[in-house]
Amino acid sequence: MKLTGREKSELFFEGVVTVILLLLLNLSIVVLINSTIAHNPGLQSGIFQIKRSITIGPNNYQLWSYENLFIGLMLIADGLVLYWRLIRRYKQMQLRHIISELHYIAAGHFDHRIDFNLTGDTQRVVESVNALVDSAIHSMDEEREIERSKDALITNVSHDIRTPLTSIIGYLGLIENKQYQSEEDLVKYAHIAYLKATQMKSLVEDLFEYTKSRQTETPLAINRLNLTAMLEQLAASFELEANKKHLKIEVESGTQPIYIEADAEKLGRVFSNLITNAFKYGTGAKNVVLQAEQRGEEVVIHVTNDGQRIPAESLGRLFERFYRVEESRSKATGGSGLGLAIAQSIVEHHGGYIYAQSDDEQTSFVIHLPVKHDHPLTKKQSNMIN
């Protein structure tokens, strides 16, 4: 930290004043001591005997002048006092500079940092202040991101609700105003309104489920479950739908059952969402494979289809709420856009993580879950190809 000219002058003046005061104090002490000794013969005799008995060094020099020794000791003490006073004033100046820097940052210059290289506790104060500013900026950025996310949520929900709601009002308006030619038109309009209402109900349910999955304070119903049996049951439940889409769904998990501690209902929702996602977006797929294997204290599950490749630029955004690879947001090609976001929230609530991989041969959603619920996993970026 560089001192200003005024501060250097202040420090010099502090040193001069301290030296003058110390010299005056030393002179006063010497005068008082000499006066006391001069008026006390017994004290003079005692000091003389002490001087004769004290020898210094190998040649046995005698100490004949106590004043020189006393003055030397006082000068050493003066030097220490002067050093302490100057260091104390210098630290006050450092603190003043730090406070000035803090006021500058508080005035709105949040990209500024205190770049002093000090020592001791003062340097720790500077580092703590910089860390506090970084933390505050990070919190502000997170708050702004949350606000943007809320705005995006409202926009997307409004869009997805407005479209079917407009159709419902339109067709019900035709019925209300008797603008139909026959009973067949009446049934047709009512049926379309029913389908649109069903879409709205599905969106609201997905939104409710997503909100629940994001509430980490909501406890999970943790039980020890047979993951292999769960995957086989899910495959069986989707077999009819897979046949209609000319798909084959199968499970690969080895000969030994895999057990984990998890919420069976929530985990079932994850796999159901991923299988449904494969059915909807796995264009050209012939197979959907559920694979599970245990690797030490974690279980790795792959939900894989051999359909069309997901573009690389979309892989990193698949788990964003309301995001769809197909951007028209058509109900004919996709759902609410919340399925993968729900799956990610549930997996993270279980202490695991999920990511996607895709190439020309297959697309896989990979889930890592801890075997023991109270041993959450650390996300391994090296395994994630996004």
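Residues numbered from 1 in each chain as written. Predicted model: local features only at pLDDT ≥ 70, side-chain atom pairs only at ≥ 80, totals over all residues. Heavy atoms only, no water.

*Asks:* I would appreciate a short explanation of the overall build of the protein chain in the present structure.
*Replies:* When helices and strands are tallied, the protein chain shows 10 helices and 9 strands. Across the 386 residues of the protein chain, 33% fall into the buried class. Across the protein chain, every contact between residues at least 6 apart in sequence was considered, and the portion connecting residues at least 24 apart equals 68%. Split by element, the accessible area of the protein chain, about 24000 Å² in all, is 57% carbon and sulfur. (Helix = DSSP H or I, 4+ residues; strand = E, 2+ residues; numbered from the N terminus. Buried < 20%, exposed > 50% of the residue type's maximum accessible area, 1.4 Å probe, protein only. Contact = heavy atoms within 4.5 Å. Areas by Shrake-Rupley, 256 points an atom, 1.4 Å probe, with all protein chains shown as cover.)

*Asks:* So what exactly am I meant to see when it comes to the UniProt feature "transmembrane region" (unreviewed entry) in the protein chain here?
*Replies:* Under the UniProt annotation, the feature "transmembrane region" (unreviewed entry) is placed at residues 12-33 and 69-87. For residues 12-33, the end-to-end C-alpha separation is 32 Å, with 100% helix and 0% strand making up the annotated structure. (UniProt positions renumbered as here; feature names shortened; annotations may be inferred.)

*Asks:* Is there a simple way to think about the sheet that holds strand β9 (residues 363-370) in this case?
*Replies:* Two modes of strand pairing occur in sheets, parallel and antiparallel, and in both the strands are linked by backbone hydrogen bonds. Pairing is mixed in the open sheet, where 5 strands are placed in the order β4-β6-β7-β9-β8. Looking at the sheet topology across the chains shown, the edges are occupied by β4 (248-252) and β8 (353-358). The average undirected angle you get between the axes of adjacent strands in this sheet is 15°. Where strand β7 (residues 298-305) lies against β9, 8 bridges are found, and the strand directions are antiparallel. Each residue of the ladder has a partner; that of Asn305, found in β9, is Thr363. Against the sheet, helix α8 (residues 264-281) contacts β4, β6 (287-295), β7, β8 and β9, and its axis sits at roughly 170° relative to β9. (Pairing = 2+ DSSP bridges. Axes fitted to C-alpha atoms, helices over the stretch in contact; angles between N-to-C directions.)

*Asks:* Looking at this structure, how should I read a nonpolar patch on the surface?
*Replies:* A contiguous nonpolar patch, built from Phe12, Phe13, Val16, Val17, Ile20, Leu21 and Leu24 and spanning about 700 Å² of accessible area, is present on the exposed surface. Along the chain, Ile20 falls in helix α1 (residues 5-38). (Patch = residues over 30% accessible without salt bridge, like charges linked within 9 Å, V, L, I, M, F, W, Y side chains within 5 Å. Salt bridge = Lys/Arg side-chain N within 4 Å of Asp/Glu carboxyl O.)

*Asks:* Whenever I open this one, helix α10 (residues 339-349) confuses me. Can you help?
*Replies:* For an α-helix the count is 3.6 residues per turn, leaving residues at separations of three or four pointing the same way. With 8 of 11 residues buried, α10 is to be regarded as a mostly interior element. What α10 keeps buried is the set Leu340, Ala341, Ile342, Ala343, Gln344, Ser345, Ile346 and Val347. One or two steps after α10, the chain reaches Gly351, where phi turns positive at roughly 85°.

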